[in-house]
Every structure is written in structure tokens, then in C-alpha cells.
Amino acid sequence: MGSQWTKDSVYRKAMKAGYRARAAYKLLEIQQRNGIIRPGDNIVDLGAAPGSWLQVLRDLTDGKVIGVDLNPIAPMEGITTIVGDFTDPLVQERIREEARGVVNVVVSDASPKLSGQKSYDQARAIGLGEDALAFACTILKPGGNMVIKSFQGELFGELIAEVRKHFYSVRGYRTKASRKGSAETYIIAKNFKGTCDGAERPL
Ligand SMILES: C[S@@+](CC[C@H](N)C(=O)[O-])C[C@H]1O[C@@H](n2cnc3c(N)ncnc32)[C@H](O)[C@@H]1O
């Protein structure tokens with residue numbers, strides 16, 4: 001994960017366990033506390049490289065798992081990977097084709113390259129969360145669940161309000177595996193209403 005990821009104890013634990021990144025523990029905790037994934041679910045993972053969430057997802061479901069990232073993801077048995085920008089309509093079309101009809105869960109751990117300028121980085125991260133939500137609304141099955149990586153800050157409230165328009169149950173959740181002092185907060189959205197703000201649902 002580049003130089004942002006120092007070799008702290010969670011990192012060392014993850015490497016020992018065979019995970020590709022320490023982020024695996026964030027998803028494991030999210031699942032344990034929020035039960036977003038059921039066995040048999042078909043899942044799309046946005047911003048999936050290097051692939052530790054995909055490793056966790058593979059163990060949680062027998063359904064189809066699709067990982068998408070700007071960067072290549074080293075091959076993983078039983079996982080479909082797509083290299084591309086998930087906001088690109090052509091990439092979205094490929095995801096739809098691979099999903100072949102039913103997506104029960106969308107998880108997004110996507111984050112932009114950080115510039116170090118706090119408010120600029122937060123605005124871009126929130127924008128990416130909005131993009132993930134807009135896309136998820138076009139592929140998720142009604143009743144489906146979603147996880148969106150986000151950051152606390154002035155725009156966080158707007159994003160969570162937007163998510164609430166589309167899901168019956170929504171909460172912010174900070175994982176213990178997140179770095180100390182980080183504003184990182186995941187939005188846990190359950191029970192998709194099936195509405196898409198007038199946008200077409202191609203599936
Ligand atoms: C924190 S990493 C994800 C770690 C991953 N969950 C794991 O467990 O290995 C964030 C990823 O988001 C990706 N990303 C950012 N914007 C993206 C976009 N528009 N489309 C696809 N991937 C994106 C980055 O390339 C980066 O690999």
C-alpha cells in the first residue's frame with residue numbers, strides 16, 4: 001500500500017496471517033459487528049487492490065466476488081478482478097456483465113492518493129464515496145447492503161444524509177484497526193430501498 005502504510009503491529013499481524021494488507025482486519029471487524037455479508041452473496045469490491053478485503057470476502061461467501069481497482073490486483077482463486085476506474089461507465093458496464101444480474105453487497109474501501117492537504121483530501125474522499133453510492137444504486141438488489149469508506153469532516157454529514165435516502169439502516173463506524181488519530185470512518189448501509197434518484201437501473 002505504498003509509503004502510507006508503516007509496519008505497525010496490525011500490519012505485522014496481517015502479513016503473518018497471509019493477508020495482503022492490514023485493511024483485512026477492518027473488514028473482519030465490520031462484518032463481525034454489523035453482519036453485512038451472508039453466505040451466498042454476490043459482492044462487488046470497489047478500490048480493491050492489493051486485495052486483502054477480497055481475501056476476507058472469499059471466505060465469507062460462496063457467491064461471485066468481483067474486485068475493481070485502478071491498479072492491477074494479483075490473481076486470486078475464485079475472484080474476478082477488473083483494472084479500471086469504477087466511475088468510468090465502460091468499467092461499470094464490465095462489472096455488470098461479470099455480475100450477471102444479482103449483486104447483494106457493494107463494499108468500497110476506495111480512497112484517492114492523499115496530498116497531505118486535509119480539507120482537499122477529505123473532499124476528494126467524500127466525492128469518491130458519492131460515486132460509489134451512485135454506482136451501487138444502479139446494481140444493488142433491493143434489500144442489499146453497502147460499506148463506504150469515508151472520513152469525518154465537514155462534508156461527512158452530507159454523504160451520510162445521501163446514503164440514508166437509499167438505505168433503511170445507516171450508521172457511521174470506526175474500526176479499531178484504523179490508524180490512531182485517523183478520521184477514517186466507514187458508512188454501514190443496510191437494506192437498500194431499491195431507489196436510484198431517477199437514474200436507470202440497467203440490471
Ligand atoms: C486503501 S486501498 C484499498 C485496500 C483494499 N481494501 C485491500 O484490502 O487491499 C484504496 C484503493 O482505492 C483505489 N481507488 C481509488 N480511486 C479509485 C477509482 N476511481 N476506481 C478504482 N479504484 C480506485 C486505489 O487505487 C487503492 O488501491
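Residues numbered from 1 in each chain as written. Predicted model: local features only at pLDDT ≥ 70, side-chain atom pairs only at ≥ 80, totals over all residues. Heavy atoms only, no water.

1. Some details on the UniProt feature "binding site: S-adenosyl-L-methionine" (unreviewed entry) in the chain
- As recorded in UniProt, the sites labelled "binding site: S-adenosyl-L-methionine" (unreviewed entry) are Gly51, Trp53, Asp69, Asp85 and Asp109.
- Topologically, aspartate 85 is positioned in the loop between strand E3 (80-83) and helix H4 (89-99).
- Apart from the residues lying within four places of it in its own chain, the contact partners of aspartate 85 are Leu70 and Val91.
- Within the local environment of aspartate 85, its side chain forms a polar contact with the side chain of threonine 87, the two groups lying 2.7 Å apart.
- Note on placement: aspartate 109 falls in the loop between strand E4 (103-108) and helix H5 (118-139).
- For aspartate 109, a relative accessible area of 14% puts it in the buried group.
- Dropping the residues within four chain positions of it, aspartate 109 is found in contact with Ala23, Leu46, Gly47, Trp53, Lys149 and Tyr186. (UniProt positions renumbered as here; feature names shortened; annotations may be inferred. Helix = DSSP H or I, 4+ residues; strand = E, 2+ residues; numbered from the N terminus. Contact = heavy atoms within 4.5 Å. Polar contact = N/O pair within 3.5 Å; in protein donor to acceptor, adjacent residues only side chain to side chain. Buried < 20%, exposed > 50% of the residue type's maximum accessible area, 1.4 Å probe, protein only.)

2. Describing the packing of H5 against helix H6 (residues 156-166)
- Across the interface, H5 lies against H6 with an axial gap of 10 Å and an inter-helix angle of 5 degrees. With respect to their mutual orientation, H5 and H6 come out roughly parallel. Contact residues: H5 offers Gln122, Ile126, Gly129, Glu130, Leu133 and Cys137, while H6 offers Phe156, Leu159, Glu162, Val163 and His166.
- Each residue belonging to the contact of H5 with H6 can be placed in one class, and the counts come to 6 nonpolar, 3 polar and 2 charged. (Axes fitted to C-alpha atoms, helices over the stretch in contact; angles between N-to-C directions. Parallel < 35°, antiparallel > 145°, perpendicular 65-115°, else oblique. Nonpolar A, V, L, I, M, F, W, Y, C, P; charged D, E, K, R; others polar.)

3. What about the packing of aromatic side chains?
- Per the stated rule, a full pass over the model turns up 3 aromatic pairs.
- Plain terms: the ring middles of tyrosine 19 and tyrosine 25 are 5.6 Å apart, the flat faces sit at 85 degrees to each other, and that makes the pair edge-to-face.
- Residue classification places tyrosine 19 among the buried residues on the basis of a relative accessible area of 17%.
- For the ring pair tryptophan 53 and tyrosine 186, a centre distance of 5.7 Å and an interplane angle of 40 degrees mean the geometry is tilted. Note that tryptophan 53 is positioned in helix H3 (residues 52-60) and tyrosine 186 in strand E7 (residues 184-192), a separation of 133 residues in sequence. Of the two residues, tryptophan 53 and tyrosine 186, both sit in the buried class. (Phe/Tyr/Trp six-rings, centres within 6.5 Å; stacked < 30°, edge-to-face > 60°.)

4. Here's the deal with unusual backbone geometry
- The omega angle of the peptide bond from alanine 49 to proline 50 is 0 degrees, so this bond is cis rather than trans.
- You can see proline 50 is positioned in the loop between strand E1 (43-46) and H3.
- In this structure, arginine 100 takes a positive phi of about 45 degrees despite not being glycine.
- Within the chain, asparagine 191 stands out as a residue other than glycine whose phi angle is a positive 65 degrees.
- By secondary structure assignment, the location of asparagine 191 is in strand E7.

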